[in-house]
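The residues making up each chain are set out below.
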Amino acid sequence: MADFLEFDGGFAPDIDTMDREALKDCLREVRERIADLDEREPADMNSEEYEAWGERHEELEDLADEIVERLEEME
């Protein structure tokens, strides 16, 4: 698959078991991964590579939203 996905290494943290500090660190990591994907956005929006990029980008954005929600629940 595309090299932009290789850096991810199956990143899928279990946010339900994390404390507040671990969640903050994880959120920082997710945002860094999103920024990295943004830098590697494929030019051809009709390609399979772009579709895979978009799916992973959306997954990471959803994860960031879930982490924010968990942090808000802890307040």
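Predicted model, so just to flag it, every value in this text is computed and none were measured.

## Describing the packing of helix α2 (residues 20–39) against helix α3 (residues 48–73)
Line of reasoning, step 1. Between α2 and α3, whose axes approach to 9 Å, the crossing angle comes to 155°. On the basis of their axis angle, the class for α2 and α3 is roughly antiparallel. Considering only the axes of α2 and α3, their crossing is left-handed. Between α2 and α3, the residues in contact are R20, L23, K24, C26, L27, V30, R31, R33, I34, L37 and D38 and W53, R56, H57, L60, E61, L63, A64, I67, V68, R70 and L71, respectively.
Line of reasoning, step 2. Considering only residue class, the contact of α2 with α3 consists of 13 nonpolar, one polar and eight charged.

So, how was this worked out
- Residues numbered from 1 in each chain as written.
- Predicted model: local features only at pLDDT ≥ 70, side-chain atom pairs only at ≥ 80, totals over all residues.
- Heavy atoms only, no water.
- Axes fitted to C-alpha atoms, helices over the stretch in contact; angles between N-to-C directions.
- Helix = DSSP H or I, 4+ residues; strand = E, 2+ residues; numbered from the N terminus.
- Parallel < 35°, antiparallel > 145°, perpendicular 65-115°, else oblique.
- Left-handed = near helix turned anticlockwise from the far one by under 90°.
- Contact = heavy atoms within 4.5 Å.
- Nonpolar A, V, L, I, M, F, W, Y, C, P; charged D, E, K, R; others polar.

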